[in-house]
Each structure stands twice: as C-alpha cells, then as structure tokens.
Amino acid sequence: MARISASVYTSHVPAIGAALDQGKSGEPYWQKVFSGYEKSKQWIKANPPDVVFLVYNDHANAFSLDLIPTFAIGCAAEFQPADEGWGPRPVPMVRGHPELAAHIAQSVIQDDFDLTIANKMDVDHGLTVPLSLMFGQPPADDFRWPCAVIPFAVNVVQYPVPSGRRCYQLGRAIRRAVDSFDQPLNVQIWGTGGMSHQLQGPRAGLINREFDRDFLDRLIADPAALASMPHIDYVREAGSEGIELVMWLIARGAMNDKPPRVVHRFYHVPASNTAVGHLILENQE
Ligand code: DHB
Ligand code: FE
C-alpha cells in the first residue's frame, strides 16, 4: 500500500527561483535563506519519496480569471514550467504520476470534495521553487527531478478562497485516498506559500513574526484548532497574500493522528517581500 511518510512546508517566493537561476545563491542576502534548507536537502536524500503530492497555488499562469478552479489535481504524465515576471524557469519538466493522481481524484471526489481534473497544466514558481529548495538546483543539462510529482493547485488568489477548515478536511481525504492505493509508494505531501506577506496596497511589505511563529507552533501541535481560524484573521494578521497559508493545512491534514516528529524548523525574514517559513514533519507509525 502507498503511505504518506512525511510532510514538508515551505514558502515559494519567486525571487528565490530567480536567485538560483541567475547564480546569486552565494550572495549574503540569499545565503541566509538557503542556509535554512541545507538540512532539508540532506534529509530528503536520506528519505527519498517516490511521489510528492505538491499543494501550491497557481499565480495566473495555468489559469486566468477566465476559469478559477478551487482545487485542481494534475493527472497528466508531465507538466511544463511556466511563469510570469522572470518567465519560465530553466528547470526540468515535472514528471507526474497519472495512476496515483487518478486514484486520488476518484477517492477524494467520492469522499465529497469536488476537484477539477487537470489533464494539461503548466506549473509556476509556486511548485518549482519548493522543488529547487528541497532537491537543489539542476547541476547538469540532463538533470531530472528525482521523483514523480502530483501538482495540486488551490485557488488562494481570487476570492472566494477555500476555508482553512475545508483545506484541513481535504487533507484527511487525501490521506485516506493514498492509504487505499495498492502500490508500495513512499509519498510525501508538501504545502507551500506564505508566510506573512502582502504584495499590494497601503500595507504592502507587511510581515508579522509573532503570527508566523504562532502559526508554526499550532500547525505542529494543534492543527484541528488552527484550521478553524477564519479568513479575516489571515488577512488582518498575515497580509492579503498570507492567505496562502491555508494550503499548509491540506498537507497537515494528510498526516496521521499521532504527534508528528519535527525534523526541521526554519524561519527567516526577509526573502523578497515575505517571511520564509519551513517545516519538515515525519509521521510516527
Ligand atoms: C512574492 C511572494 C509570493 O508568494 C508570490 O507568489 C509572488 C511574489 C514576493 O515576495 O515578491
Ligand atoms: Fe505566492
């Protein structure tokens, strides 16, 4: 049977991708950010997943205001990088896992969550920056990402966006789906985005260290209660783009009910306009 062994949480700041792609990762500003991922890269080498179920949000690259799926699951065999701003990143094509993705879609939809099936979908920095942070930057032209990835896009860009509670419950449905897949796959689930940041309006540049610290504490220790936090609290405390954090609740909801083992925790301000947060949690059997 397939099993979710661990969850990974990380910001997905596009400027991190640009720093890597433009060879700026050694600059002191970026060194402080990347230092927080050294342990993560060692950990994932020692604990290689077969599949990463990667929860992220599209930033109007795959979808536009023409069509706004609340939850879209990538069921294709491959996904091409695309991006606004700096343009598509020079990173490898992302290999999917159509069989597991189709199984999860079947199970989760029958479990009352309405997913959009994406059989063709480009993936932006929301997905590729976390891959670079965890697996490192492609060292050679023939580099391939070391595992399959199921992209799971969540609308946190255009209101109305899903509640934290729904995201947490969806995570539990994803766990049931993975548990019932009849292949011995080591699956990790990643939640990306956040932490506090606001890119627009009079409060642009907002960072709230206290909120972020508290969010990390509660995500580890009491995610069910954290999931009841209403949208307005995210927006007021963590800024308009801080709402990306509801995606972390999907990953946390997919963990089992025992207290997780905290493998790694990192927090740093700033990276571009955001506070960078990062956690690795392992399931205890
Ligand atoms: C920034 C952060 C994001 O999460 C994003 O999607 C775009 C920009 C930023 O910090 O600039
Ligand atoms: Fe974002």
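Located above this text is the structure these notes cover.
Each residue is numbered by its place in its chain's sequence as written, counting from 1. To read the labels, note that chains go from A and ligands from 1, taken in the order they are written. Given that the model is predicted, a residue must reach a pLDDT of at least 70 before its local features are reported, and side-chain atom pairs must reach 80 or more before they are shown or counted; all residues, however, enter totals for whole chains, interfaces and linings. With hydrogens and water stripped out, all remaining heavy atoms of the structure feed into the side-chain values.

1. Some points on the coordination of the iron ion (ligand 2)
Where a metal carries four tetrahedral donors, each ideal angle is 109.5 degrees; where it carries six octahedral donors, the ideal angles are 90 or 180 degrees.
Phase 1 of the analysis: Coordinating donors are taken to be N, O and S atoms lying within 2.8 Å of the metal, or within 3.2 Å when the metal is Na, K or Ca; because water is excluded from the atom set, some sites may appear incomplete. Only His12 (NE2), His59 (NE2) and Glu244 (OE) from the protein reach the iron ion (ligand 2) as donors, at distances of 2.1 to 2.3 Å.
Phase 2 of the analysis: The sequence motif formed by the donor residues of the iron ion (ligand 2) is H-x46-H-x184-E. Remark: Glu244 occurs in the loop between helix H9 (231-238) and helix H10 (246-253) and His59 occurs in the loop between strand E2 (51-56) and strand E3 (71-74); sequence separation between them is 185 residues. One exposure class covers both His59 and Glu244, and it is buried. Working definition: helices are DSSP H or I runs of at least four residues, strands are E runs of at least two. Numbering for both runs from the N terminus. Whether a residue is buried, partly exposed or exposed follows from its accessible area with a 1.4 Å probe, protein chains only, as a fraction of its type maximum: under 20%, in between, or over 50%, in that order.

2. Points about the packing of aromatic side chains
Aromatic ring pairs are defined here through the distance separating the ring centres and the angle between the ring planes.
Phase 1 of the analysis: Two rings from Phe, Tyr or Trp (for Trp, the six-membered ring) form a pair when their centres sit within 6.5 Å of each other. Planes less than 30 degrees apart are called stacked, planes more than 60 degrees apart edge-to-face, and all others tilted. Taken as a whole and judged by the stated rule, the model has 12 aromatic pairs.
Phase 2 of the analysis: Aromatic side chains Phe71 and Phe152 sit 6.0 Å apart centroid to centroid with 25° between the ring planes, which places their arrangement in the stacked category. Of the two residues, Phe71 sits in strand E3 while Phe152 sits in strand E7 (residues 148-154), which places them 81 residues apart along the sequence.
Phase 3 of the analysis: The structure contains a cluster of three or more aromatic residues connected by ring pairs, namely Tyr9, Phe211, Phe215, Tyr234 and Trp248.

3. Quick look at the layout of surface pockets
Phase 1 of the analysis: Within this scheme a cavity is a closed region of a 1 Å grid, computed over the protein atoms alone, that accommodates a 1.4 Å probe without allowing it to escape, whereas a pocket is open but has protein on both sides within 12 Å along at least five of seven lines; lining residues each have an atom within 4 Å of a point. Grid points are joined across faces, edges and corners, and a volume is the space filled by probe spheres set on the points. Taken as a whole, the largest pocket encloses approximately 580 Å³ of empty space.
Phase 2 of the analysis: Around the largest pocket, the lining is made up of 33 residues, and of these Pro14, His59, Glu84, His125 and Leu199 lie nearest the centre.
Phase 3 of the analysis: All amino acids are sorted into three groups, where Ala, Val, Leu, Ile, Met, Phe, Trp, Tyr, Cys and Pro are nonpolar, Asp, Glu, Lys and Arg are charged, and the leftover types, Gly among them, are polar. Class assignment for the residues of the lining of the largest pocket results in 12 nonpolar, 15 polar and six charged.

4. Topic: the site of ligand 1
Phase 1 of the analysis: Distances are taken per atom, and a residue is near a molecule or strand as soon as one of its heavy atoms is within 4 Å of it. Around ligand 1 sit His12, Val13, Pro14, His59, His125, His197, Leu199, Glu244, Ser272, Asn273 and Thr274, and those are all the residues in its vicinity.
Phase 2 of the analysis: Take Ser272: an N or O atom from its side chain is 2.8 Å from an oxygen atom of ligand 1.
Phase 3 of the analysis: For every accessible area listed, the method is Shrake-Rupley and the probe measures 1.4 Å; residues are considered covered only by the protein chains on display. Across the complex, the protein chains shield 89% of the 290 Å² of accessible surface that ligand 1 would expose by itself.
Phase 4 of the analysis: More than half of the atoms of ligand 1 fall within 2 Å of the grid points belonging to the largest pocket.
Phase 5 of the analysis: Residue composition of the shell around ligand 1, grouped by class: three nonpolar, seven polar and one charged. Pairing of N or O atoms within 3.5 Å defines a polar contact, subject to two protein rules: one partner must be a possible hydrogen donor and the other a possible acceptor, and residues neighboring in sequence count only if both atoms are side-chain atoms. Molecule-in-pocket calls rest on the fraction of atoms, with more than half required to lie within 2 Å of the cavity or pocket grid points.

5. Side note on the sheet that holds E7
Phase 1 of the analysis: A pair of strands is labelled paired if DSSP reports no fewer than 2 bridges between them. Taken in spatial order, the eight strands line up as E6-E3-E7-E2-E8-E1-E10-E9 in an open sheet, and their pairing is mixed. At either end of the open sheet lies a strand with only one pairing partner, and these are strand E6 (116-118) and strand E9 (261-271). Strand-to-strand twist of the sheet, defined as the mean angle between neighbouring strand axes without regard to direction, takes the value 20°.
Phase 2 of the analysis: The pairing of E3 with E7 spans three bridges and is antiparallel. Across the sheet, Ala72 pairs through a bridge with Ala153, a residue of E7.
Phase 3 of the analysis: Should any heavy atoms of two residues lie within 4.5 Å, those residues are considered in contact. Lines fitted to C-alpha atoms define the axes here, with helix axes fitted over just the stretch in contact, and angles between the N-to-C directions of these axes take values from 0 to 180 degrees. With respect to the sheet, helix H7 (residues 209-221) is in contact with strand E1 (3-10), E9 and strand E10 (274-282), its orientation differing from that of E9 by roughly 165°.

6. Comments concerning the pairing of E10
Phase 1 of the analysis: Within E10, nine of the nine residues are buried, leaving the element largely enclosed by the surrounding structure.
Phase 2 of the analysis: As paired elements, E1 and E10 share five bridges and run antiparallel to each other. Across the sheet, Thr10 pairs through a bridge with His278, a residue of E10.
Phase 3 of the analysis: Two elements, E9 and E10, share eight bridges in a ladder whose sense is antiparallel. Bridging from a neighbouring strand, His264 pairs with Ile280 of E10.
Phase 4 of the analysis: Counted between consecutive antiparallel strands, the loop separating E9 from E10 contains two residues, among which Ser272 sits at a positive phi close to 55°.

7. Re the nonpolar core
Phase 1 of the analysis: What we call a nonpolar core is a set of buried Ala, Val, Leu, Ile, Met, Phe, Trp, Tyr and Cys residues that are connected through their side-chain atoms within 4.5 Å. Of all hydrophobic cores here, the largest spans 57 residues; its most connected members are Ile73, Phe152 and Phe215.
Phase 2 of the analysis: Looking at this core, the element that brings in the most residues is helix H6 (residues 164-179), giving seven residues.
Phase 3 of the analysis: Excluding residues that lie within four positions of it along the chain, Phe152 makes contacts with Phe53, Leu54, Val55, Tyr56, Phe71, Ala72, Ile73, Leu115, Leu170 and Ile250.
Phase 4 of the analysis: Membership of the second largest hydrophobic core comes to 27 residues, among which are Ala76, Ala118, Trp145 and Ile280.

8. Let's talk about helix H3 (residues 38-46)
Phase 1 of the analysis: Residues Ser40, Trp43 and Ile44 constitute the buried set of H3. Along the long axis of H3, the arc covered by the buried residues comes to 95°, so they all point the same way. In H3, the exposed positions angled more than 90 degrees off the buried face are occupied by Gln42, Lys45 and Ala46.
Phase 2 of the analysis: Check the buried side of H3 and you find it contacts E1, helix H5 (125-135), strand E8 (186-192), E9 and E10. Here the arc refers to the set of directions running from the helix axis out to each C-beta atom.

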